[in-house]
Amino acid sequence: EEKKAVTPSVPNSNEEEEKKKQQAEEEARQKQAEDEAKKKQEEDSKLISLTMPETFTVPTGEPTTLMINKDFLGKGMEEVTKQWLGKVTKVYVNGTEYKEVKYSLMTPLKENQFAKEDSNIGNKLHICRPQGVNNCTLEIVADGYKTYVFTLDNSQVAASITKGEEKKAVTPSVPNSNEEE
């Protein structure tokens, strides 16, 4: 019977150690999340900002494709626009990530695809227009630049961009570990 009295005390000390360990892990996770949020903020402050014009210039192209070229951000912004287009890495339309494919004049883009074209007159971005959707969000991510969200009016034969703004960073919410106590 003496052994029975000793045995329960051992798991208790393990439970306390386990609790302390979990608490330490939770605090480390929380610190990591805060550090990542801070790091992202610092990185965002180093990103290049673009000036959004009153009106965006989009060539009237094919009814299935939206083309963005050096004229997109207006007069005097051609060089900046070309550099930005050359750095595009991701395109989202209404939250759907589009797949980058090799640009070819002979091969039309399929649904959920985009292509970058490097030409002697500057970089161009070709984006397959969503069918049957009039207004959509177009998000463009480019290396070294802030992310921009545009409103795409897809209701006419020629698509147009009606609005553009910097995507606001969403700060990840860190669960408060004090709530349990």
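The rules we used
Residues numbered from 1 in each chain as written. Predicted model: local features only at pLDDT ≥ 70, side-chain atom pairs only at ≥ 80, totals over all residues. Heavy atoms only, no water. Pairing = 2+ DSSP bridges. Helix = DSSP H or I, 4+ residues; strand = E, 2+ residues; numbered from the N terminus. Phe/Tyr/Trp six-rings, centres within 6.5 Å; stacked < 30°, edge-to-face > 60°. Buried < 20%, exposed > 50% of the residue type's maximum accessible area, 1.4 Å probe, protein only. Patch = residues over 30% accessible without salt bridge, like charges linked within 9 Å, V, L, I, M, F, W, Y side chains within 5 Å. Areas by Shrake-Rupley, 256 points an atom, 1.4 Å probe, with all protein chains shown as cover. Salt bridge = Lys/Arg side-chain N within 4 Å of Asp/Glu carboxyl O. Lys, Arg positive; Asp, Glu negative; His and termini not counted. Charge placed at Lys NZ, Arg CZ, Asp CG, Glu CD. Polar contact = N/O pair within 3.5 Å; in protein donor to acceptor, adjacent residues only side chain to side chain. Contact = heavy atoms within 4.5 Å. Arc of directions from axis to C-beta.

(A) Region of the structure containing the sheet that holds strand β4 (residues 99-100). Ordered by their spatial adjacency, four strands build an open sheet running β1-β6-β5-β4, and the pairing between neighbours is mixed. Edge strands, defined here as strands with exactly one partner in the open sheet, are β1 (65-68) and β4. The pairing of strand β5 (residues 113-119) with strand β6 (residues 122-128) spans six bridges and is classified as antiparallel. Directly across from A115, in β6, lies its bridge partner H126.

(B) Region of the structure containing the packing of aromatic side chains. As enumerated under the stated definition, the model contains six aromatic pairs in all. Each ring, one from F56 and one from F150, has its centre 5.6 Å from the other, and the planes form 85°; the classification is edge-to-face. Taken as a pair, F56 in the loop between α2 (9-46) and β1 and F150 in strand β8 (residues 148-153) lie far apart in primary sequence, 94 residues in all. Residue F150 is classed as buried on the basis of its relative accessible area of 0%. Considering the side-chain rings of W84 and F150, the 6.2 Å spacing of their centres and the 55° angle between planes classify their relative orientation as tilted. Highlighted residues: W84 in helix α3 (residues 78-86) and F150 in strand β8, separated in sequence by 66 residues. An aromatic cluster of at least three residues, connected via ring pairs, comprises F56, F72, W84, Y148 and F150.

(C) Structural context of a negative patch on the surface. The grouping of E15, E16, E17, E18 and E25 at the surface amounts to a negative patch. Summarising the element assignment, E25 is placed in helix α2.

(D) Main features of the side chain of E117. Examined against the element boundaries, E117 turns out to sit in strand β5. Here E117 is buried and forms no salt bridge, its nearest opposite-charge partner K124 lying at an N-O distance of 4.2 Å. Within polar-contact distance, the side chain of E117 engages the side chain of H126 at 2.7 Å. Other than its neighbours up to four places away in sequence, E117 contacts Y103, G122, N123, K124 and H126.

(E) Fine view of unusual backbone geometry. Residues other than glycine seldom take positive phi values, yet N94 does so here, at roughly 50°. Mapped onto the secondary structure, N94 falls in the loop between β2 (88-93) and β3 (96-97).

(F) Structural view of α3. Inspection of α3 places T81, K82, W84 and L85 among the buried residues, and these make up the whole buried set. Viewed end-on, α3 has its buried residues packed into an arc of 165°, placing them on one side of the element. At its buried positions, α3 is contacted by β1, β2, β5, β6, β7 (135-142) and β8.

(G) Representation of the pattern of salt bridges. Counted by the stated rule, this structure contains seven salt bridges. For K82, the salt bridge is made with E79, and the minimal N-O distance between the two is 2.9 Å. Residue K82 and its partner E79 are located together in helix α3, separated by three residues, close to a single helical turn. The shortest N-O distance in the salt bridge between K167 and E139 comes to 3.1 Å. Linking K167 in the segment after β9 (160-166) with E139 in strand β7, this pair joins segments that are 28 residues apart in sequence. Accessibility expressed as a relative area gives 40% for K167, which makes it partly exposed.

(H) Fine view of the sheet that holds β2. Pairing in this open sheet of five strands is antiparallel, and the strands run β3-β2-β7-β8-β9 from one edge to the other. The open sheet has two edge strands, β3 and β9, and neither has a second partner. Bridge count between β8 and β9: six bridges; the pairing is antiparallel. When the bridges of β9 are listed, D153 appears paired with S160.

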